[in-house]
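Analysis of the macromolecular model
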Amino acid sequence: DRVKLPPEDRSRVIFLDIDGVLLAAGSVETIFVDGVALPIRERMTENDFKSAALENLRSIIVRTGASLVLSSEWRRTASMRDSIGVVLRSKECPQLRDATPLLKQRPDLEKCDSAIVWCERRAREIGMWLKAHPEVTSYVAIDDLDFNWADSVRATGT
């Protein structure tokens, strides 16, 4: 018997990446558009995902009641978001609460390492989402990126 999910606690959020977290890194073919690696395949099935990672995610949600906000590049199209939703439902995880906004990379960082640029953009997207949701008092980003890299080029006020 599976433990039931607790009521959603909207003050707690998990910012969820997909590639390298729920999907094995490099398991999905990508194409670069505007400096961003986007999955070519817009539909995934439960079999594509790491079962243990999905169970670990569910375990965190059971313990915290946190809601899920998609911060992955999988948020870019409705079919990609829907594909993630189907997989989450198949593992009895809650539906996505929302997705972070899509921002462009900072022009002043165009000569920086692409990993730093990527991290900085993702961190700004999460920060913008949090500013729009003051009810959130606790959050975690489950991501294969090292957000310390973003801190090295952090702009004032972000």
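Above: the structure in question.
Structural notes, computed from the coordinates. Note that the structure is a prediction, hence the values are computed from the model and not measured.

Here is what the cut-offs are and how they apply
Residues numbered from 1 in each chain as written. Predicted model: local features only at pLDDT ≥ 70, side-chain atom pairs only at ≥ 80, totals over all residues. Heavy atoms only, no water. Helix = DSSP H or I, 4+ residues; strand = E, 2+ residues; numbered from the N terminus. Expected span 1.5 Å × (residues − 1). Buried < 20%, exposed > 50% of the residue type's maximum accessible area, 1.4 Å probe, protein only. Polar contact = N/O pair within 3.5 Å; in protein donor to acceptor, adjacent residues only side chain to side chain. Phe/Tyr/Trp six-rings, centres within 6.5 Å; stacked < 30°, edge-to-face > 60°.

Let us look at helix α3 (residues 114-131). Taking 1.5 Å per residue, 18 residues should reach 26 Å; α3 reaches 26 Å between its end C-alpha atoms and fits that length. Restricting attention to buried positions, one finds in α3 the residues Val117, Trp118, Cys119, Glu120, Arg121, Arg122, Arg124, Glu125, Ile126, Trp129 and Leu130. By the N-cap criterion, in which a side-chain oxygen at the helix start approaches the backbone nitrogen of a residue two or three places on, α3 is capped by aspartate 113, the distance to alanine 115 being 2.8 Å.

Moving on, we get to unusual backbone geometry. The residue glutamate 92 is not glycine, and still its phi comes out positive at about 60°. Mapping glutamate 92 onto the fold places it in the loop between α2 (78-90) and β5 (96-99).

What follows covers the packing of aromatic side chains. Under the criterion given, the structure shown has two aromatic pairs. Centroid distance phenylalanine 15 to tryptophan 129: 5.5 Å. Interplanar angle 85°. Geometry classified as edge-to-face. Pair noted here: phenylalanine 15 is in strand β1 (residues 9-16) and tryptophan 129 is in helix α3, with a separation of 114 residues, a long-range link. For phenylalanine 15, a relative accessible area of 1% puts it in the buried group. Plain terms: the ring middles of phenylalanine 15 and tyrosine 139 are 5.8 Å apart, the flat faces sit at 80° to each other, and that makes the pair edge-to-face. Residue phenylalanine 15 is found in strand β1, and its partner tyrosine 139 is found in strand β6 (residues 138-142); the two are separated by 124 residues along the sequence. Site record: aromatic cluster; members linked through ring pairs are Phe15, Trp129 and Tyr139.

Spatial relationships are all this shows, so hold off on functional conclusions.
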